[in-house]
Amino acid sequence: MTTTKKILLSGVKPTGRPHIGNYFGAMKQFVDLQGEYDSRVFIADYHAITTVQNAEELSQNTLDVALDYLAIGIDPKKTLLFKQSDIPEVCELGWIFNCITTMPYLMRAHAYKDAEAKNKEINVGLFDYPLLMASDILIQDADVVPVGQDQKQHVEYARDTAEKFNRIFGDTFKLPNPLILDHVKIIPGTDGQKMSKSYGNTIALFAEDDEIKRAVMSIPTNSQGVDEPKDPEIDHMFALHKHFANAEEIKEIEKRYREGGLGYKESKEILISNITKFISPLREKRKEFAKDPEAVKKMLKENGEKARELALQKMEVVRKAVGL
Ligand code: TRP
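Residues numbered from 1 in each chain as written. Predicted model: local features only at pLDDT ≥ 70, side-chain atom pairs only at ≥ 80, totals over all residues. Heavy atoms only, no water.

Novice: Can you explain the site of the ligand? Please cite residues and give values.
Specialist: Close to the ligand lie S10, G11, K13, F42, A44, H47, Y129, M133, D136, I137, V145 and Q151. The separation between a nitrogen atom of the ligand and a polar side-chain atom of Y129 is 2.7 Å. Separating a nitrogen atom of the ligand from a side-chain N or O atom of D136 is a distance of 2.8 Å. In isolation the ligand offers 360 Å² of accessible surface; the protein chains occlude 89% of this area. Only β1 (7-12) and α7 (124-139) provide two or more residues apiece to the shell around the ligand. With 4 residues, the single largest contributor to the shell around the ligand is α7. When its residues are assigned to classes, the shell around the ligand shows 6 nonpolar, 4 polar and 2 charged. (Near = heavy atom within 4 Å. Polar contact = N/O pair within 3.5 Å; in protein donor to acceptor, adjacent residues only side chain to side chain. Areas by Shrake-Rupley, 256 points an atom, 1.4 Å probe, with all protein chains shown as cover. Helix = DSSP H or I, 4+ residues; strand = E, 2+ residues; numbered from the N terminus. Nonpolar A, V, L, I, M, F, W, Y, C, P; charged D, E, K, R; others polar.)

And the structure:
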């Protein structure tokens, strides 16, 4: 980790099992980018408390995220993988940001507006979410923040907050840039819509074989017989084949669909086999890491100490600028 590399920072909320769509849409990019940047990825456990309010669940989810990322190839030697709460100073910085931010400005946040439109109970933590996220980013002097479209506004909040702080207290923070991950593969779910937890159409990234089978078997088909020609463009299975079969296989499947001769049963069997081939090595790697949770916790702790070290240097400058 040389200092000449640009600093990349991202946070992941520990809120459950990732699915294949999460992998291609976000997680994989951290692995692809980890050599190129001074990479720092943290598990946003403070943020999670806005929704997860059970100690056992939170600590289990936190460990699970660490295992997920190790399994997909995050290398702790290349990426500083740590827990947000190992830098309690982000809350201190968040408070300072609270004091220079107006309520109407925070009321413009999409996440807040959505929650309000749905008449959800909104805790102060949820309302203040963008400023804690700004602290995460700015305390690390991050240059780039890889996020999906849905988090773009949050990075803009961090930028605005940095500018405002700099204006009031003097030049202190670097202005971060979002790295929007929109060239990534969007994986369709079992119903043809984008794979998403909220649609209930997901296939878990570390699914067991029988889960993969069940998910694929649940893909709806019509009553066309084996020999009837089928239009691959409107077939949910084909949409998935495109992501899990190799180029030659895809051509072959498409040909057999169009000419007739490929039945849904066989199509599903091919898909199950290909998804299993993709998932099983990741799943087995995760199981290996899961055998030694203490080693994973130790890694998180050591990395947390390093990340805090960096944050404390920044906070010294901040406290001085503010007059604390
Ligand atoms: N809000 C992000 C999400 O829900 C998680 C997050 C928290 C984050 N702090 C961050 C992402 C800082 C990037 C940078 O996915």
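Don't stop here, the text continues.
Novice: Describe in detail the pairing of strand β2 (residues 38-43), supporting the description with residues and values.
Specialist: Counted residue by residue, β2 has 6 buried out of 6 residues, so it is predominantly covered. Where β1 meets β2, 6 bridges bridge the pair, whose relative direction is parallel. Within β2, the residue paired with V12 across the bridge is I43. Handedness of the crossover is the feature at issue here: the chain leaves β1, passes through helix α1 (residues 20-33), returns alongside β2, and the resulting connection is right-handed. Pairing of β2 with strand β3 (residues 79-83) involves 5 bridges; the strand directions are parallel. What sits directly across from R40, in β3, is L80. (Buried < 20%, exposed > 50% of the residue type's maximum accessible area, 1.4 Å probe, protein only. Pairing = 2+ DSSP bridges. Right-handed = clockwise from strand over helix to strand, strands pointing away.)

Novice: Give a description of the nonpolar core that names residues and reports values.
Specialist: With 48 residues, the main nonpolar core has I20, Y69 and I275 as its most contacted residues. Breaking this core down by element, the ones donating at least two residues are α1, β2, α3 (55-72), α9 (209-217), α10 (236-244), α11 (247-259), α12 (264-290) and α13 (293-322). If you tally residues by element for this core, the top one is α3, at 8 residues. Residues contacting I20, with those up to four places away along its chain left out, are I187, M195, I203, A204, L205, F244, I275, F278 and I279. Formed by 39 residues, the second largest nonpolar core is a distinct cluster that contains F42, Y105, Y112 and F173. (Core = buried A, V, L, I, M, F, W, Y, C linked by side-chain atoms within 4.5 Å. Contact = heavy atoms within 4.5 Å.)

Novice: Provide a residue-level description of the packing of aromatic side chains, including the pertinent values.
Specialist: Enumeration over the complete set of coordinates arrives at 14 aromatic pairs. Aromatic side chains F238 and Y257 sit 6.0 Å apart centroid to centroid with 85 degrees between the ring planes, which places their arrangement in the edge-to-face category. Of the two residues, F238 sits in helix α10 while Y257 sits in helix α11, which places them 19 residues apart along the sequence. With a relative accessible area of 3%, F238 lands in the buried category. Residue class for Y257 comes out buried when judged on its relative accessible area of 0%. Through successive ring pairs, a cluster of aromatic residues spans Y23, F24, F244 and F278. We note R286 situated over the ring of F206; from NZ or CZ to the ring centre the distance is 5.3 Å. (Phe/Tyr/Trp six-rings, centres within 6.5 Å; stacked < 30°, edge-to-face > 60°. Lys NZ or Arg CZ within 6 Å of the ring centre and 35° of its normal.)

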